[in-house]
Every structure is written in structure tokens, then in C-alpha cells.
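# Coordinate analysis (summary)
So the chains spell out like this:
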Amino acid sequence: MASKIRNVAPFFCILLLLACAGREEANVEGEADRQRPIVDSLNNESSASQGWKEPMLYVLGTLQDGGAPHMGCDRPCCRNLFLRPATDRKVVSLGIADFKSGSGQLAMFEATPDVASQWHALQSLSGLADVLPSIFLTHAHIGHYSGLMFLGREVLGATGIQVHAMPRFRQFLQTNGPWDQLISLGNIVVNSLAEDSIVQVTERVQTLPIRVPHRDEYSETVGYRIMGPNHTVLFIPDIDKWERWEHDLKHELSLVDRAYLDATFFDASEVGYRDMSEIPHPFMVETMDFLGALSAAEKSKVHFIHMNHTNPCLSDTSFAYRHVVASGFHIARMDDAYPL
Ligand SMILES: [Zn+2]
Ligand SMILES: [Zn+2]
Ligand SMILES: [Zn+2]
């Protein structure tokens, strides 16, 4: 991602100026967003200690594969993060907790390079400190699965962690180092998913893998519909344009209560005003336009995720962030909790 946008510093400065100009007003909206119902902005107290019995979904990371600070980036988006890393800049991941009288089950969607802190966050937010999560993977791009390496003998030395991946992805893990060693040593057990076939995540949560178009060099790419007893969530962190998907996004949105959708780039200014149709992601402005005629209730289901380090929506004081919220959509935030 870094090389594509190396020559856009002037455009980014303009964006930053716009962001600064809107700072005072933006804080008001940022504040409003922070005052969501308690189940939607859980921070410190664990679900278990508060006695919630319904399964919970947690946002464990919101960034594109390269995270932030992004290697090689010396622009304002990352410059200060090299000096002082931010605790809310983690690569995209969701966590699931299913509680059961004093114990429970955990699952993670994606195993990112930030998996150590995300694994800990999931155990801590849920209060299930001794429970080992199972893992569901979307595809074999490094931000989405390379965290598996921490399960091996050099770090955790895990035993029997259940990993779920599509057949070609499973084959890739079985036949390429260092992943094959995780399997031969029993650190992980890789289960094969089938397209459009429901699997159990925990006792009360199920998921449905849905194929999506993306660069499939080493594996298929899927998104997931995640179904709890009360609420259903769509998770599509990486996808080519919505028009190239066999499914209709508006219909898929109608089937769920919330959707975490690919928001790699905000608009063309972020990629040096290259033709947006050439970039294999739906820009946030394209998604908002595509869904623009939907009701406010449908639009409010959308929570943008998988943001590139350059995405101005990573700052809740930016013009872009205010525009997204004013248009009726949401930006996913670390540690958000949502009852399933
Ligand atoms: Zn990605
Ligand atoms: Zn950057
Ligand atoms: Zn990808």
C-alpha cells in the first residue's frame, strides 16, 4: 500500500488542513459517538463480571494489513506513531465470547500480526482469561493470518488450537513452512470450511463463510455472516468492488443487524487521485454512494473497518470522519462490544 501513495504528500496536507479546520465542531460529534449505549462501548469491565449472558462480539482491530505506524511511512499519519505507538491501532480482527455459568468459549476472526495483544484483549474484555480462542480466517494475506506464527514453539507452544479455513487455504497451510510445522507439532488443527455451509463458532454462535472477489494468490477469500441467538453480523474486511460480487450487498445488509465492511481507502485523494475503478477495494465514498438510497436504519448498520494507515477516518476529528457519521454510517472502533 505504501508504494502506491508515496507521491501524494501535498494532497494529504490539504486533507490534514481540512481536518484541523473542522476540529472544534468535530469533537462534538466524536463525543456523541462515544456516548453510545454501554453494551456498545464497553471498555474496562468484563462482560462476565457484569453478568451478561448473551454472546458478545468485540472489535479487536480496525486497520489494513500493514497496521500503523506503517513500514516506510514518514508522513503525518505515521510519523508520531513511530515515536509513540497508539494502543487503538491494531490490524482488523473481531472476537467472540460465549458465556456459560462461570466459563465459556472464545473465537477470533483473523490471526493478525497484532494477535498477541488481541488475544489478551479478548480474554480480558470477556473475563474468560483462561479460555483459548478458536480462529476463523478469511484469506492468506499477511494481515489476516500471519499471527498464527505466534502459536508455535517459539512463542505460545499451543496445543490443538482449532483453526478454520477454506479448502485451498487449508492446503496452503499444510504444505508450506512455517505453517506446516504448526500442524505437525499439533499447535493448531486446521478444519476445512465449505462455501455457504454453516459451522458452529461457539455453542450459541454460528457462522457462514461467503466467497468474495479479491486477489486470491494463495487462498480463496471469504467474508463471514456471524449469527448469535439475537443478532447477526456481516464481516467483509477485504473485497474487490461491490459490483463484482455475486451477492447483492443491499440484500446481504437486509439479512443482518450490523455489518463490518472494507474501508481500506476513503476517497481518490488518498491514492493520488488515481482512477478509483483501478483500485481493487470499494472506496468508502463509493460504498456510501452505493448504499445512499437506503433507509437510515439500513445505513446505520454499516461499520467501516480495515482502514489503511492513510485513511483520515482513523481520526474522529477529521473532515472525512464527520462526513461518514453525518451520512448515517459508522466507523468501527477498537473495543466496541456488540451483543449477539
Ligand atoms: Zn487485508
Ligand atoms: Zn502512514
Ligand atoms: Zn487481502
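Up top you'll find the structure we're talking about.
The shown structure was predicted, so the numbers you read here are calculated from the model rather than taken from an experiment.

## What about the overall build of the protein?
Along the protein, the regular secondary structure elements total twelve helices and 14 strands. Within the span of the protein, comprising 340 residues, buried residues form 45% of the whole. Residue pairs in contact within the protein that sit at least 24 positions apart in sequence constitute 72% of those at least 6 positions apart.

## Some points on the environment of Val271
Within the secondary structure, Val271 sits in the loop between strand S11 (258-262) and helix H10 (284-290). For the pair Val271 and Thr310, spaced 39 residues apart in the sequence, the C-alpha separation amounts to 9.1 Å.

## Quick look at the sheet that holds S11
The strand order S7-S8-S9-S10-S11-S12-S13 describes an open sheet built from seven strands, whose pairing is mixed. Here the strands that pair on one side only, and so sit at the sheet edges, are strand S7 (199-200) and strand S13 (330-331).

## Structural notes on unusual backbone geometry
Between Ala68 and the following residue, Pro69, the backbone shows a cis peptide bond with an omega angle of 5°. Here Pro69 is to be found in the loop between strand S1 (56-61) and helix H4 (76-83).

## Brief notes about the nonpolar core
Counting 84 residues, the largest nonpolar core has Leu57, Tyr58, Leu122, Phe235, Phe304 and Cys313 as the members making the most contacts within it. Ignoring anything within four residues of it in the chain, the contact list for Leu57 reads Leu94, Ile96, Ile226, Val233, Tyr338 and Leu340.

## Digging into the sheet that holds strand S3 (residues 103-109)
With respect to topology, seven strands assemble into an open sheet ordered S6-S5-S4-S3-S2-S1-S14, the strand pairing being mixed. Where the open sheet ends on each side, the last strands, each with one partner, are strand S6 (188-192) and strand S14 (337-339). Across the sheet, the axes of successive neighbouring strands diverge by a mean angle of 25°, strand direction being ignored. As paired strands, strand S2 (residues 93-100) and S3 are joined by seven bridges and run antiparallel to one another. Its bridge partner being in S3, Asp98 is matched across the sheet by Gln105. Contacts from helix H5 (residues 115-126) reach S1, S2, S3 and S14 within the one sheet, and its direction differs from that of S1 by about 150°. Sheet strands touched by helix H7 (residues 167-175): strand S5 (161-165) and S6. Its angle to S6, the strand with the most contacts, is close to 150°.

## So, H7
What H7 keeps buried is the set Phe169, Arg170, Phe172 and Leu173. The buried residues of H7 occupy an angular sector of 155° when the element is viewed end-on, so they sit on one face. Residues of H7 that are buried sit in contact with S5, helix H8 (179-184) and S6.

## With respect to the pairing of S5
Most of S5 sits inside the fold, with four of its five residues counted as buried. In this sheet, S5 lies alongside strand S4 (residues 134-136) in parallel orientation, the contact comprising two bridges. Its bridge partner being in S5, Ile135 is matched across the sheet by Val163. Here S5 runs beside S6; their pairing, made up of five bridges, is parallel. The residue of S6 that forms the bridge with Ile161 is Ile188.

Criteria and cut-off values
Numbers given to residues run from 1 along each chain, matching the order in which its sequence is written. Starting at A for chains and at 1 for ligands, labels are handed out in the order in which the entities are written. Side-chain atom pairs in this predicted model are given and counted only at pLDDT of 80 or more, local residue features only at pLDDT of at least 70, and totals for whole chains, interfaces and linings cover all residues. Counting from the N terminus, the helices are DSSP H or I runs at least four residues long and the strands are E runs at least two residues long. Residue burial here comes from a neighbour count, namely the number of other C-beta atoms, placed from the backbone, that lie within 10 Å of the residue's own C-beta, with 20 or more meaning buried, 12 or fewer meaning exposed, and in between meaning partly exposed. Any two residues are considered in contact once their C-beta atoms, placed from the backbone, lie within 7 Å. One requirement defines pairing of two strands: DSSP has to find at least two bridges between them. To count as a nonpolar core, a set of buried Ala, Val, Leu, Ile, Met, Phe, Trp, Tyr and Cys residues must be joined through C-beta atoms within 7 Å. Only the stretch in contact is used when fitting a helix axis, every axis being a line fitted to C-alpha atoms; angles between N-to-C directions are given from 0 to 180 degrees. It is the directions from the helix axis to the C-beta atoms whose arc is reported.

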